[in-house]
Amino acid sequence: MDVTTLPVVGSLLHAGADLLTVLTDGLAPVAGAAAAALAVVLVTLAVRTALVPLAVLQVRAERDRRRLAPQIAALRRRYGSDTRRLQEALQRLYTSEHVSPLAGCLPVLAQAPVLSLVYTLFTHASVAGVANTLLDATLVGIPLGHTLLAVLAGPLWTHAWVVLVLLGVLAVTVELSRRAGSRWNPVDAPAPGTPGGGTAAAVARWVPFVSVAFAAVVPLAATLYVVTSAVWTLGERAVLRRLVR
């Protein structure tokens, strides 16, 4: 079954396609063939602007974890590799201090539907039974519906540098965000010297780069969304960590 024909999904996709088409037409005199790509970037920025209140909650949650750092460290020393009891103790601590450990995930969760919408719009030839003209949009000759693998496997392989540059920017941004997060809130993962800490530290080191792997296998439009969002997050977090109390 084609998900784009489902009543609610189809309506959302149709509205999203109309929005991107209007933006593309408006940007065409300035951006030319890259108008659709710029439209995706502008939509991403609009979404991230709307989610600033959630980002504020995220930074406040980081501050709470910094405040609780000594108690969290003590619990980790006490329970060692007993993960179940450690998690139960951490949950009791968060509850007693009125801290939500899920607050840091809110911006990511809130963006998931929008990213899914962008992904779907650039992977279906039709939307709600109507031909999807967004698939004709390109960035430096690469259709926004192409993945890196599709580019490398076809005649457009000489343009693959565009996607590789985007992935490079994303990787650098992820690393800078990871380092800033480690300096700001070093209690998020056990230290390598604690029981199980070496594994946890290695996981914490590489998990953020999952977004780079994801961006490499989705359509170019979705890659643009992920890269733009990551760069926004890096700058936003740096500002909010100075301003939010």
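Here's a quick rundown of the structure. Remember, predicted model here, so these are calculated numbers, not experimental data.

Some thoughts on helix α1 (residues 7-31)
The terminal C-alpha atoms of α1, which comprises 25 residues, lie 34 Å apart, in line with the 36 Å expected from a rise of 1.5 Å per residue. Its axis deflected by about 30 degrees at Asp25, α1 carries its strongest bend there, up to four residues before the proline Pro29. Regarding α1, the residues found buried are Gly10, Leu13, Gly16, Ala17, Leu20, Thr24 and Leu27. The secondary structure elements touched by the buried residues of α1 are α2 (35-50), α6 (106-121) and β1 (126-127).

Some details on the environment of Gly10
In this structure, Gly10 sits in helix α1. C-alpha of Gly10 to C-alpha of Ala103: the two residues are 93 residues apart in sequence and 31 Å apart in space.

Quick word on unusual backbone geometry
For His98, which is not a glycine, the phi torsion comes out positive at approximately 55 degrees. Given a relative accessible area of 74%, His98 falls into the exposed group. Even without glycine at this site, Val140 takes up a positive phi of about 50 degrees. When you line up the elements, Val140 lands in the loop between β3 (138-139) and β4 (142-143).

Rules used in this analysis
Residues numbered from 1 in each chain as written. Predicted model: local features only at pLDDT ≥ 70, side-chain atom pairs only at ≥ 80, totals over all residues. Heavy atoms only, no water. Helix = DSSP H or I, 4+ residues; strand = E, 2+ residues; numbered from the N terminus. Expected span 1.5 Å × (residues − 1). Bend = angle between axes of the 7 residues up to and from the residue. Buried < 20%, exposed > 50% of the residue type's maximum accessible area, 1.4 Å probe, protein only. Contact = heavy atoms within 4.5 Å.

Function cannot be inferred from these measures alone, as they are strictly geometric.
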